[in-house]
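Observations on chain architecture
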Amino acid sequence: MFLRIFGVALYSILLFLLCNNPAAAQQAEADVLLTQATLAYDDQQYDKALQLLDRVLALEPSNARANYYKGLLFLSQQKPELAAKSLETALAGQPRDIFIRYHLGQAYFLQKSYDQAEPLLSSVYAEQPKLEHVGFYMGFLQYQRKSYSEALAAFSQVETTDPDMRQLIGFYKGLTLGNLGLSDRAVTELDEALKIQTSEPFSAPVQRMRDTLTATKSTERRFRASLGFGGFYSDNVALNPNRSSDAFAESLRVRSTTSPGLMMSAYGEYSWLRRGPWESIVSYNFFQTVNLNDGLSRFNIQDHQGAVAGFYRGTLRAMPYQVGLSYAYDYLFLGQDGFLSRHTPTLSGTLVESSRQMTTALFRFQDKTFFREPDLTGRFSALQRDAMNWMGGFTHTFRFQEDRHLVSLGYQYDVEDATGSDFSYSGHRLLVGGLYTFPWGGTRLRYDYQVHWRGYRSLNLAFPQVAPGTIRRDDTEQIHFARLEHPLPYNFVVSFQYQRIQNDSNLAVYDYTQNIFYLVTTWTY
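These notes cover the structure that comes with them. For clarity, every value in this text was computed on a predicted model and none was experimentally measured. (Residues numbered from 1 in each chain as written. Predicted model: local features only at pLDDT ≥ 70, side-chain atom pairs only at ≥ 80, totals over all residues. Heavy atoms only, no water.)

**Observations regarding the overall build of the protein**
In plain terms, the rule: Under the scheme used here, helices are H or I runs from DSSP no shorter than 4 residues and strands are E runs no shorter than 2 residues, and both carry numbers assigned from the N terminus. Exposure classes here rest on a 1.4 Å probe applied to the protein chains alone. A residue is buried below 20% of its type maximum, exposed above 50%, and partly exposed in between. Here, residues are in contact when the closest pair of their heavy atoms is within 4.5 Å.
Across its full length, the protein carries 13 helices and 14 strands. Burial statistics for the protein: of 525 residues in total, 42% are counted as buried. By sequence separation, contacts in the protein at least 24 residues apart represent 53% of the contacts at least 6 residues apart.

**Here we look at helix α4 (residues 64–76)**
Let me state the cut-off plainly: One fewer than the residue count of a helix, multiplied by 1.5 Å, yields its expected span. Polar contact is the term for a pair of N or O atoms within 3.5 Å; when the atoms are in protein, one must be able to donate a hydrogen and the other to accept it, and sequence-neighboring residues count only if both atoms are side-chain atoms.
Given a rise of 1.5 Å per residue, 13 residues ought to cover 18 Å, and the 18 Å separating the end C-alpha atoms of α4 matches this to within 8%. Across the 13 residues of α4, 11 count as buried, placing the element largely inside the fold. The N-cap of α4, judged by a side-chain oxygen 3.1 Å from the amide nitrogen of Arg 65 a few residues on, is Asn 63. Immediately downstream of α4, the backbone of Gln 78 shows phi near 60 degrees, a positive value.

**A word on unusual backbone geometry**
Pro 464 follows Phe 463 through a cis peptide bond whose omega is -5 degrees. The topology assignment puts Pro 464 in the loop between β11 (444–459) and β12 (472–488). Within the chain, Gln 44 stands out as a residue other than glycine whose phi angle is a positive 60 degrees. You can see Gln 44 is positioned in the loop between α2 (22–42) and α3 (46–59). Gln 44 sits in the exposed class, given a relative accessible area of 59%. Non-glycine residue Glu 132 carries a positive phi angle of around 40 degrees.

**Some thoughts on the pairing of strand β7 (residues 357–370)**
Here is the rule: Here the rule is simple: two strands pair whenever DSSP picks up at least two bridges between them.
Sheet topology note: the strand β6 (residues 337–354)/β7 ladder contains 11 bridges and is antiparallel. From the neighbouring strand, Gly 349 faces β7, where its bridge partner is Ala 361. Hairpin remark: β6 followed by β7, antiparallel, with two residues in the connecting loop. Direction of pairing for β7 relative to strand β8 (residues 387–400): antiparallel, over a ladder of 12 bridges. In the sheet register, Asp 367 faces β8, and the bridge partner there is Met 388.

**A word on the pairing of strand β14 (residues 512–524)**
Across nine bridges, strand β1 (residues 223–234) lies against β14 in antiparallel orientation. Paired with Ser 226 across the strands is Thr 524, a residue of β14. Examined bridge by bridge, strand β13 (residues 492–505) and β14 share 12 bridges and lie antiparallel to one another. Following the sheet pairing, Gln 502 is matched in β14 by Thr 513. The turn joining β13 and β14, which pair antiparallel and follow one another in sequence, is formed by six residues.

**Some thoughts on the pattern of salt bridges**
Pairs can form between side chains of opposite charge whenever their charged atoms are close. To keep it simple, the criterion reads: The term salt bridge refers to a side-chain nitrogen of Lys or Arg lying within 4 Å of a carboxyl oxygen of Asp or Glu.
Summed over all chains, the structure comprises 18 salt bridges. Residue Asp 54 is joined to Lys 70 by a salt bridge in which the shortest nitrogen-to-oxygen separation is 2.9 Å. Taken as a pair, Asp 54 in helix α3 and Lys 70 in helix α4 lie far apart in primary sequence, 16 residues in all. Notably, a salt bridge pairs Glu 159 with Lys 130, separated by 3.2 Å at the nearest N-O pair. With Glu 159 in the loop between α9 (148–155) and α10 (163–179) and Lys 130 in the loop between α7 (114–127) and α8 (134–144), the pair connects residues that are 29 residues apart, well separated along the chain. Of the residues examined, Lys 130 reaches a relative accessible area of 44% and is grouped as partly exposed. Here the residues in one salt-bridge network are Arg 454, Arg 473, Asp 475 and Glu 477, joined through shared partners.

**Side note on the environment of Phe 109**
Among the structural elements, Phe 109 can be located in helix α6 (residues 98–110). Sequence separation between Phe 109 and Tyr 137 is 28 residues; the distance between their C-alpha atoms is 7.7 Å. What Phe 109 contacts, discounting residues up to four positions off in sequence, is Tyr 114, Ala 117, Leu 121, Tyr 137, Phe 140 and Leu 141.

Below, the structure is given as structure tokens:
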């Protein structure tokens, strides 16, 4: 009571002192009224606060602080439309004030005017990501646009003791984790949300979402398969060398090398282990080509590959990641005879930085055994291709429109240690790729390009035949691959594919070009 009497007395004295200066008197009156309005607002006397604020704004319509508090008052009364009008006026007077920007963004958000809310809340989140509930608002906006990694990061920034908000954030974090494929973590998050005692009846939808995620996980398909069949045309099945002045290379060019053909592929995998963030898969892959030119049947390819892989999935600072370890063994026939076998363990890791970026790194070892090789003790021992290959590299992918469009860039370094000195090299590989999804019918165009520079470590002891042991082989291999595909009913996809391999070598016998055209129909299960 004393403070209020003192305030009135002080107000009267100020009016008396400033009576000869009307402008100053008006300013003083507005200041005193605004102080009284803020005290009434803090005491939750909203009707009284509104009357006082209206008196201030009658004196100073553009008073930023008065408009700000009027906006807060309307937000407290759950009147975001009125709050937005007052806060817009406040922002015009104080465009850099972070609290005005935050509450105006909140008012727009509550009206579901998300396009207006996003720039304001985004600027506040960039400056103070832990300010009140801005992390929730930004997380919700990112979730709506399916930017799940960014949504999870924003939800994780919120620090609040409000049980209703804590449960709401737990619910949306569970949804987000589920959409990121982390079902076990999603269920854990929803379990924690259910333990929170709230004033709002929100537990039922949280429980339903938890049950849905659990059911989805238990019924998720464990077996996947695909079958492909099609035809192709190759202009260089036998890999005849390009034209040159080398007599031996020219003698190989007389071989028949063009042929149409048929191809078939089959793939199946089974997720035999799913436990928490762990998953393990076994798979089998079959591939067969048949050259219809009788003279080239010795170049028919048949490949069998079996593999087992294990994965661990989690999040790092709200960014999903996957670490995988796999082992594959394949056996390749050329004609009807064994040609090559390979043991290939691979360690890989993928980090999803955001809905627009993803990075994969890998390290691979490969042990290759060729059959029908020259005698190790003979004059052609340098041509032994049995080898061990180490390769490491990374690929970064830029993602657009929920992965409808992709652009990827990558680099790999590999070392091949072959039994024969003519095939040992160190190499650098550059990879570029892209995916474009057309706006009609799900038609997609994919293009991949890679260039592999290989520097061989020893002088070549076999070529050129006129002067063996005088040239160190140096190759640049370029591979272009384009695929245009269109989905059909019943899980069928028809695709037209083109592949060009151009190997430029300073030894004419290894300098060749091959173009292959494919028309393939694939069914997936």
